[in-house]
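Results of the structural survey
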Amino acid sequence: MTIFEMKPNAAPPPSEIEKAKQEAPLHLIGTVNSDQLYKDITEDKENPIQIRKMNLDVRQILKAPTNETFTTFDIFYTYIPSWQAYSGAKRMDIAVGDVIEIWLKKGMYGWEPALSGNTVKHIKYVENRKEPISEPIWHSIKRNIRNVWLRHSSVTVWIGILVFLFTFVLFAWWKNKQKVS
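Keep in mind that this is a model prediction, so the values were computed, not measured. (Residues numbered from 1 in each chain as written. Predicted model: local features only at pLDDT ≥ 70, side-chain atom pairs only at ≥ 80, totals over all residues. Heavy atoms only, no water.)

**Here's the deal with the pattern of salt bridges**
By the definition in use, this model includes five salt bridges. As a salt-bridge pair, Asp-35 and Arg-52 come within 3.4 Å of each other at their nearest N and O atoms. Taken as a pair, Asp-35 in strand β1 (residues 26-40) and Arg-52 in strand β2 (residues 50-63) lie far apart in primary sequence, 17 residues in all. Among the residues examined, Asp-35 registers a relative accessible area of 18% and is labelled buried. We classify Arg-52 as buried; its relative accessible area is 8%. Among the salt bridges present, the one from Asp-93 reaches Arg-129, with a minimum N-O distance of 3.1 Å. Here the residue Asp-93 occupies a position in the loop between β3 (72-79) and β4 (99-106), and Arg-129 occupies one in the loop between β6 (120-124) and α2 (137-180), the gap between them amounting to 36 residues. Judged by relative accessible area, which is 24%, Arg-129 ranks as partly exposed. (Salt bridge = Lys/Arg side-chain N within 4 Å of Asp/Glu carboxyl O. Helix = DSSP H or I, 4+ residues; strand = E, 2+ residues; numbered from the N terminus. Buried < 20%, exposed > 50% of the residue type's maximum accessible area, 1.4 Å probe, protein only.)

**Let's talk about the pairing of β4**
Most of β4 is tucked away, with six of its eight residues classed as buried. In this structure, β1 lies alongside β4, joined through six bridges in antiparallel fashion. Counted as the bridge partner of Ile-29 is Glu-101 from β4. When β4 meets β6, the two strands line up antiparallel, connected through four bridges. Bridge pairing in β6 places Ile-100 opposite His-122. Direction of pairing for β4 relative to strand β5 (residues 111-117): antiparallel, over a ladder of three bridges. The partner of Lys-106 across the bridge, within β5, is Trp-111. What sits between the antiparallel neighbours β4 and β5 is a turn of four residues, in which Gly-110 has the positive phi angle 145°. (Pairing = 2+ DSSP bridges.)

**As for a nonpolar patch on the surface**
Among the surface-exposed residues, Val-157, Trp-158, Ile-161, Leu-162, Phe-164, Leu-165, Phe-168 and Val-169 lie close enough to one another that they form a single nonpolar patch of about 850 Å² accessible area. Mapped onto the elements of the fold, Val-157 is located in helix α2. When its relative accessible area of 41% is taken as the criterion, Val-157 is described as partly exposed. (Patch = residues over 30% accessible without salt bridge, like charges linked within 9 Å, V, L, I, M, F, W, Y side chains within 5 Å. Areas by Shrake-Rupley, 256 points an atom, 1.4 Å probe, with all protein chains shown as cover.)

**Quick notes on the packing of aromatic side chains**
What the rule picks out here adds up to six aromatic pairs. Between Tyr-38 and Phe-76, the aromatic rings sit 4.8 Å apart at their centres with planes inclined by 75°, giving edge-to-face as the arrangement. Residue Tyr-38 is located in strand β1, and its partner Phe-76 is located in strand β3; the two are separated by 38 residues in the primary sequence. A relative accessible area of 43% means that Tyr-38 is categorised as partly exposed. Taking relative accessible area as the criterion, Phe-76 reaches 10% and is therefore assigned buried. An aromatic cluster is present here, built from Tyr-38, Phe-76 and Tyr-109 joined pairwise through their rings. Lys-21 extends its terminal NZ or CZ atom over the ring of Trp-103, reaching a point 4.3 Å from the ring centre. For the cation-ring pair, Arg-129 lies above Tyr-125, with the distance from its terminal atom to the ring centre recorded as 3.8 Å. (Phe/Tyr/Trp six-rings, centres within 6.5 Å; stacked < 30°, edge-to-face > 60°. Lys NZ or Arg CZ within 6 Å of the ring centre and 35° of its normal.)

**Brief notes about unusual backbone geometry**
A positive phi angle, close to 50°, is found at Ser-116, a residue other than glycine. Residue class for Ser-116 comes out partly exposed when judged on its relative accessible area of 25%.

**Concerning the nonpolar core**
Where a protein is soluble and globular, its nonpolar side chains tend to be buried together. In terms of nonpolar packing, the biggest core is built from 20 residues, with Leu-28, Met-54, Phe-73, Ile-94, Ile-100, Ile-102 and Leu-104 touching the most fellow members. Going through the elements one at a time, β1, β2, β3 and β4 are the ones with two or more residues in this core. Setting aside chain neighbours within four positions, we find Ile-100 in contact with Leu-28, Ile-29, Gly-30, Val-32, Met-54, Leu-56, Ile-94, Val-120, Lys-121, His-122 and Ile-123. Core analysis: the second largest hydrophobic core is formed by six residues, Ala-20, Ala-24, Ala-114 and Leu-115 among them. (Core = buried A, V, L, I, M, F, W, Y, C linked by side-chain atoms within 4.5 Å. Contact = heavy atoms within 4.5 Å.)

The following block contains the structure:
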């Protein structure tokens, strides 16, 4: 009941992250103006995934494929909720008001991070963040039970053993008292 399914991806090594940054044709610094749902690509209700579109107010263009200048820029990214079990490249963690440095490549929907959250650096991190997909209550209950079990499993086992022994001793005492009477 409390076991989460993990995707078989592994976090990329630092050399792969640096290579993705170097090969990225577009490198910007900007402020996130908006973050909105573009397309829901969820295949399993337990593991929601969205394509989201953020709009960036460009502060500085560090690298670009052309000499074109722009003040705002749309970026598409895959969003996986923070409460969902996941392994692999770093998650995208974006909120309106964040100031980010981002390395971009052309993707299926337009410009996207070269290697997910691994190619996004927060310069300013907004503290009050809102999760675009809130955690289902049943999922939260299962996650909390699992966390309590993982943190306190040895204590729980010892309490169980003590309760069993106490019950056994109490039962034996009660049986012995009935024999004497």
